[in-house]
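Each chain, letter by letter, is given below.
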Amino acid sequence: MLDLAFTDKTYEIKLADGTILNLNRPTQAIQETLINIKSLMDAKGEDAALEAMNVIMNVFTRILNRNTEGMKFDQDKIKEDYDIGVAMIVLQDYFTFWNKEIQEQVSFHQSQ
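Residue positions within a chain follow its written sequence, with the count starting from 1. Confidence filtering applies because this is a predicted model: local features only for residues at pLDDT of at least 70, side-chain atom pairs given and counted only at 80 or more, and all residues used for totals across whole chains, interfaces and linings. In computing side-chain values, all of the structure's heavy atoms are included and hydrogens and water are not.

Novice: How do you make sense of the nonpolar core when you look at a structure like this?
Specialist: One recurring pattern in soluble globular proteins: nonpolar side chains tend to sit buried together. Among the buried residues, those of types Ala, Val, Leu, Ile, Met, Phe, Trp, Tyr and Cys that are joined through side-chain atoms within 4.5 Å form a nonpolar core. Only protein chains enter the accessibility calculation, which uses a 1.4 Å probe. A residue is then buried if its area is under 20% of the maximum for its type, exposed if over 50%, and partly exposed in between. Membership of the largest hydrophobic core comes to 23 residues, with the highest contact counts inside it found for Leu23, Phe60, Ile63 and Leu64. By definition, any uninterrupted DSSP run of H or I lasting at least four residues is a helix, any uninterrupted run of E lasting at least two residues is a strand, and each is numbered from the N terminus. With seven residues, helix H2 (residues 46-64) is the single largest residue contributor to this core. A contact between two residues is defined here by any heavy atoms of the two lying within 4.5 Å. Residues within four places of Ile63 in sequence aside, it is in contact with Leu23, Ile30, Leu91, Tyr94 and Phe95.

Shown next, in the form of structure tokens:
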């Protein structure tokens, strides 16, 4: 049997208000959205830059909503509390953490 629940590891983050969240791994949809940000960032003009910022904040909010504590976050509130620089730092660290986890789990886990 292939066990798809082989890890219960989460990414831990402490928010500005002191709240600690445990975040599950990113969904395929979140990863695809992040990959598509590159084309927005390569585009020229104010509209493209604003759209890229909006997408980054959207992904940041979606990631925070992957918490195991059951807390729900609204993108407008996240935009009030955090700037794009913080969002990009979190995205980079979050995806670095999960990429490392995937590399460590490269061999398939099977139970008999």
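Novice: Could you clarify how one ought to interpret the environment of Tyr82 in this entry?
Specialist: Within the fold, Tyr82 resides in the loop between helix H3 (75-81) and helix H4 (84-104). Taking C-alpha positions, Tyr82 is 9.7 Å from Leu15, a pair spaced 67 residues apart along the chain. Think of a polar contact as two N or O atoms within 3.5 Å of one another; within protein, one of them needs to be a possible hydrogen donor and the other a possible acceptor, and neighboring residues in sequence only count if both atoms come from side chains. Within the structure, Tyr82 has its side chain in polar contact with the backbone nitrogen of Ala16 (distance 3.0 Å).

Novice: Would you mind showing me how to read the packing of H2 against H4 here?
Specialist: To describe two helices that pack against each other, one gives the angle between their axes and the distance between the axes. For helices, the axis comes from a line fit to the C-alpha atoms of the stretch in contact; other axes are also lines fit to C-alpha atoms, and the angle between any two N-to-C directions lies between 0 and 180 degrees. Packing of H2 against H4 leaves a shortest axis separation of 10 Å and a crossing angle of 55°. By the criterion of interaxial angle, the relationship of H2 to H4 is oblique. Relative to H4, H2 is oriented so that their crossing is left-handed. Only Ile84, Ala87, Met88, Val90, Leu91, Tyr94 and Phe95 of H4 make contact with H2, whose side of the interface consists of Met53, Ile56, Met57, Val59, Phe60 and Ile63. Looking at the contact of H2 with H4, its residues break down into 13 nonpolar, no polar and no charged. An angle below 35 degrees is treated as roughly parallel, one above 145 as roughly antiparallel, one from 65 to 115 as roughly perpendicular, and anything else as oblique. Handedness of a crossing follows from how the near helix is turned relative to the far one, being left-handed for an anticlockwise turn of less than a right angle and right-handed for a clockwise one. The residue classification treats Ala, Val, Leu, Ile, Met, Phe, Trp, Tyr, Cys and Pro as nonpolar and Asp, Glu, Lys and Arg as charged. All others, Gly included, are polar.

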